[in-house]
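One letter stands for each residue in the lines below.
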Amino acid sequence: VTVLLDYMTEMFDLDAGLSLVGKTAKSMTRSREAYLRTNIVFAGGEQFSPNPEGINGFFLDSVAIPPGTQVFIPYYVGNCVVSGSACGAVIVRISEILSWDRLKYEGVKLGNCLKDDVFSQLKYASRVSDQSS
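What you see is a predicted model; the values in this text were computed from it and never measured.

## Comments concerning the overall build of the protein chain
Along the protein chain, the regular secondary structure elements total four helices and four strands. For the protein chain, the sequential pattern of α-helices and β-strands runs α-α-β-β-β-β-α-α. In the protein chain, which comprises 133 residues, the proportion classed as buried is 21%. Considering only residue pairs separated by 6 or more positions, the protein chain has 60% of its internal contacts joining residues 24 or more positions apart. Accessible area of the protein chain: about 9200 Å², with a carbon and sulfur share of 59%.

Structure (structure tokens):
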């Protein structure tokens, strides 16, 4: 219980308008786990420099994307339009990747080429070093 109270306090600090209406211990635990995955720091391996622009990641819970919204997905040909049955409320998280290990971790979690494709990992690391990604 203490862990969830600490999590809720931190969420209220991030969003003063946060409502707990309809939240259960189970849903709060899932949200907390997703939030913790956003903030994992890998100290080993090659470290990347933080972005020089001061841009920070963010975490939003229970976000509904309205039907008809156009979403740009990198490496996808064109924009995608969210259909009415596409999804319910989702968690949106954006994290800065500051290490090689974190890059591979994100690839595993997203199920994409960064999990085990060295060429893709090197391409990403190259974009990080020239600050284009």
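Read on, since the account is not over.
## Remarks on the side chain of Gln121
Position of Gln121 relative to the elements: it lies in helix H4 (residues 118–129). Using a relative accessible area of 4% as the deciding quantity, one classes Gln121 as buried. Within polar-contact distance, the side chain of Gln121 engages the backbone oxygen of Leu114 at 2.7 Å. Residues in contact with Gln121, not counting those within four places in the same chain, are Trp100, Leu103, Lys104, Leu114, Lys115 and Asp116.

## Structural notes on helix H2 (residues 25–38)
An ideal rise of 1.5 Å per residue puts 20 Å on 14 residues; H2 measures up with 20 Å between its terminal C-alpha atoms. Every buried residue of H2 is accounted for by Ser27, Met28, Ser31, Ala34, Tyr35 and Thr38. Projection of H2 onto a plane perpendicular to its axis shows the buried side chains occupying an angular sector of 125 degrees, all on one side. What points out from H2, more than 90 degrees from its buried face, is the exposed set Ala25 and Lys26. Those residues of H2 that are buried are in contact with helix H1 (2–14), strand S1 (58–63), strand S4 (90–94) and helix H3 (100–110).

## Focus on the pattern of salt bridges
This model, assessed by the stated rule, comprises two salt bridges. Residue Lys104 is joined to Asp101 by a salt bridge in which the shortest nitrogen-to-oxygen separation is 4.0 Å. Here the residue Lys104 and the residue Asp101 both occupy positions in helix H3, the gap between them amounting to three residues, near one helical turn. Here Arg102 and Glu106 are joined by a salt bridge, their closest N and O atoms 2.5 Å apart. Here the residue Arg102 and the residue Glu106 both occupy positions in helix H3, the gap between them amounting to four residues, near one helical turn. The same class applies to Arg102 and to Glu106, which are both buried.

Conventions used here
- Residues numbered from 1 in each chain as written.
- Predicted model: local features only at pLDDT ≥ 70, side-chain atom pairs only at ≥ 80, totals over all residues.
- Heavy atoms only, no water.
- Helix = DSSP H or I, 4+ residues; strand = E, 2+ residues; numbered from the N terminus.
- Buried < 20%, exposed > 50% of the residue type's maximum accessible area, 1.4 Å probe, protein only.
- Contact = heavy atoms within 4.5 Å.
- Areas by Shrake-Rupley, 256 points an atom, 1.4 Å probe, with all protein chains shown as cover.
- Polar contact = N/O pair within 3.5 Å; in protein donor to acceptor, adjacent residues only side chain to side chain.
- Expected span 1.5 Å × (residues − 1).
- Arc of directions from axis to C-beta.
- Salt bridge = Lys/Arg side-chain N within 4 Å of Asp/Glu carboxyl O.

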